Amino acid sequence: MKPEPWWDEFTIEAEPTDRLLDALHYVKWYKDGTLALRRSCAHGICGSDAMLINGRNALACKVLVKEVAPKVTVEPIRGLPVLKDLIVDMEPFFEGYKAILPFLINADDPPDRERLQSPEDRARFDDTTKCILCAACTTSCPIFWGDEQYIGPAAIVNAHRFIFDSRDQGAEERLEILSDQSGVFRCRTTFNCTEACPRGIKVTKAIQEVKRAVMFRRF
Amino acid sequence: MAQRTQRRARRTQDFGSLYKGREGQWSWIAHRVTGVAIILFLFAHVVDTALVGWGPDAYNKVVRVYQNPIVGLLELGLVAAVIYHALNGLRIMVIDFWPKASDWNRQLIYGTTGVFLAGMLPITIIMLKHILKEHF
Ligand code: FES
């Protein structure tokens, strides 16, 4: 049996230039050692500490105290089962990620050296290589909250990264998976994902490009 | 090859604050609300139009019920819903067929909302005048 969710309140002192993550550390280390949260790099690159901060998804390690002071509300990201405090079960999120075959597919014999690519071809998917799989986009999406099967923006972003890669040959297969009813067309272009991405990826734009690729089989 | 990928259910609790999405989230909610409003009207409309099958008397009797100021205001709401839904739908289609437009989504939303409000101003005046003249 899971206990009912509740709010807890802490008053602490912090420098304006401290990160929200530092404030959470302070709570955990000096106020309430049971507070559970994920973080690793503390520098916005591992994607561990996406949280719902004052009603919007962000990385706690990239939000400064002065941006949210004097009062900040921190919640676990939405749409994934909460395990404890700020920790959610990320498995359903990664299942969506795995479903789009996030690896290079190329049946040709491996070349002696790198598979070359023109700067223009590389630029096609540059934006979507920046994803750190923090789930800020996916768990900001109202469709994802409501539809248990929707694969979610992050999975589509990572599919985009390979679909538009000239060295990859798996686009057809991925587009087939994404044309499924729980795939790319569940997107209703609310742009919450684009606003939430801590890496500045134009998530909705990538999704729209994948929609087009599904419709016209052009990529 | 590609089979429907059945992902694990992930029911979560409805607990927590309102997500503070920006223009895109609100336009999406408005699109849904107006869409549902229009479809509800259509159900009623199909029924009242079908009444003509029972002859003009039956039809007139029922349609006369509509002639009161409250339905007049509902009609104004219906016009607003249709116009908003149409304009916002055009915006969505632009973004669907031309992904680059998503770079200007916020501006497009302000644009469509502006056109909507500009259009609603004279429409509201005309329809309110009509309601006042008919009923008061
Ligand atoms: S702790 Fe690594 S992204 Fe914030």
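The structure presented is a predicted model; accordingly, all values stated were derived computationally and were not measured.

## Here's the deal with the overall build of chain B
Along the backbone of chain B there are 4 helices and 0 strands. Helices and strands appear in chain B in the N-to-C order α-α-α-α. Taking 136 residues into account, the globule formula puts the C-alpha radius of gyration at 14 Å, and chain B, at 21 Å, lies well above it. Along the three orthogonal principal directions, the C-alpha set of chain B runs to about 60 × 40 × 35 Å. Expressed as a percentage of contacts within chain B between residues at least 6 apart in sequence, the contacts between residues at least 24 apart total 71%. Placing the 15 positive and 8 negative side-chain charges of chain B at their respective mean positions leaves the two points 11 Å apart.

## Overview of the interface of chain A and chain B
Listed as interface residues are 51 residues of chain A and, on the opposing side, 35 residues of chain B. Summed over both sides, the interface between chain A and chain B buries roughly 4,000 Å², with carbon and sulfur atoms accounting for 51% of that surface. Among the residues chain A hides against chain B, the three largest losses belong to A:Glu148, A:Gln149 and A:Phe191. Together they make up 16% of the total. Counting across the interface, chain A meets chain B through 4 salt bridges. Between B:Asp103 and A:Lys205 there is a salt bridge, and its shortest N-O distance comes to 3.0 Å.

## A few points about the pairing of strand S1 (residues 50-53) of chain A
Residue and element names in this part refer to chain A. The side-chain alternation of S1 yields two buried faces, one formed by Ala-50 and Leu-52 and the other by Met-51 and Ile-53. Here 4 bridges tie S1 to strand S2 (residues 56-59), and the two strands are oriented antiparallel to one another. Across the sheet, residue Met-51 finds its bridge partner in S2, namely Ala-58. Hairpin remark: S1 followed by S2, antiparallel, with 2 residues in the connecting loop; positive phi at Asn-54, about 50°. In this sheet, strand S3 (residues 74-75) lies alongside S1 in antiparallel orientation, the contact comprising 2 bridges. Bridge assignment links Leu-52 to a residue of S3, and that residue is Glu-75.

## Overview of the nonpolar core
A:Leu178 and A:Val210 are the most contacted members of the largest nonpolar core, which totals 62 residues. No other element matches helix H6 (residues 153-163) of chain A, which puts 6 residues into this core. Counting 7 residues, the second-largest nonpolar core is a separate cluster that includes B:Leu76, B:Tyr84, B:Met120 and B:Met127.

## What to know about the packing of helix H3 (residues 69-97) of chain B against helix H4 (residues 105-135) of chain B
All names here are of chain B. Two elements in contact, H3 and H4, have axes whose closest approach is 9 Å; the angle formed by their N-to-C orientations is 160°. Here H3 lies roughly antiparallel to H4, going by the angle between them. Between H3 and H4 lies a crossing whose hand is right-handed. Residues that form the contact of H3 with H4 fall into these classes: 18 nonpolar, 5 polar and 2 charged.

## Focus on the sheet that holds S1(A)
Spatially, S2-S1-S3 (chain A) is the arrangement adopted by the 3 strands of the open sheet, whose pairing is antiparallel. Of all the strands in the sheet, the pair left with one neighbour each is S2 and S3 of chain A.

## What about the packing of helix H1 (residues 23-50) of chain B against H3(B)?
The geometry of a pair of packed helices is captured by two quantities: the angle between their axes and the separation between those axes. Residues and elements named next belong to chain B. Contact geometry of H1 with H3 gives a least axis separation of 9 Å together with a crossing angle of 130°. By the angle class used here, H1 and H3 are oblique. H3 is crossed by H1, and the crossing has left-handed handedness. Within the contact between the two elements, H1 uses Ser-27, Ala-30, His-31, Thr-34, Gly-35, Ile-38 and Phe-41 and H3 uses Leu-78, Ala-81, Val-82, Tyr-84, His-85, Asn-88, Gly-89, Arg-91 and Ile-92.

## So, the state of the cysteines
Evaluation of the coordinates by the stated rule reveals 0 disulfides over all chains. Take A:Cys197: it sits in no disulfide, and the sulfur closest to it among the cysteines is that of A:Cys134, at 6.4 Å.

About the thresholds
Residues numbered from 1 in each chain as written. Chains lettered and ligands numbered in written order. Predicted model: local features only at pLDDT ≥ 70, side-chain atom pairs only at ≥ 80, totals over all residues. Heavy atoms only, no water. Helix = DSSP H or I, 4+ residues; strand = E, 2+ residues; numbered from the N terminus. Rg over C-alpha atoms; globule rule 2.2 N^0.38 Å. Contact = heavy atoms within 4.5 Å. Lys, Arg positive; Asp, Glu negative; His and termini not counted. Charge placed at Lys NZ, Arg CZ, Asp CG, Glu CD. Buried area = accessible area lost by both parts, 1.4 Å probe. Salt bridge = Lys/Arg side-chain N within 4 Å of Asp/Glu carboxyl O. Buried < 20%, exposed > 50% of the residue type's maximum accessible area, 1.4 Å probe, protein only. Pairing = 2+ DSSP bridges. Core = buried A, V, L, I, M, F, W, Y, C linked by side-chain atoms within 4.5 Å. Axes fitted to C-alpha atoms, helices over the stretch in contact; angles between N-to-C directions. Parallel < 35°, antiparallel > 145°, perpendicular 65-115°, else oblique. Left-handed = near helix turned anticlockwise from the far one by under 90°. Nonpolar A, V, L, I, M, F, W, Y, C, P; charged D, E, K, R; others polar. Disulfide = S-S within 2.5 Å.

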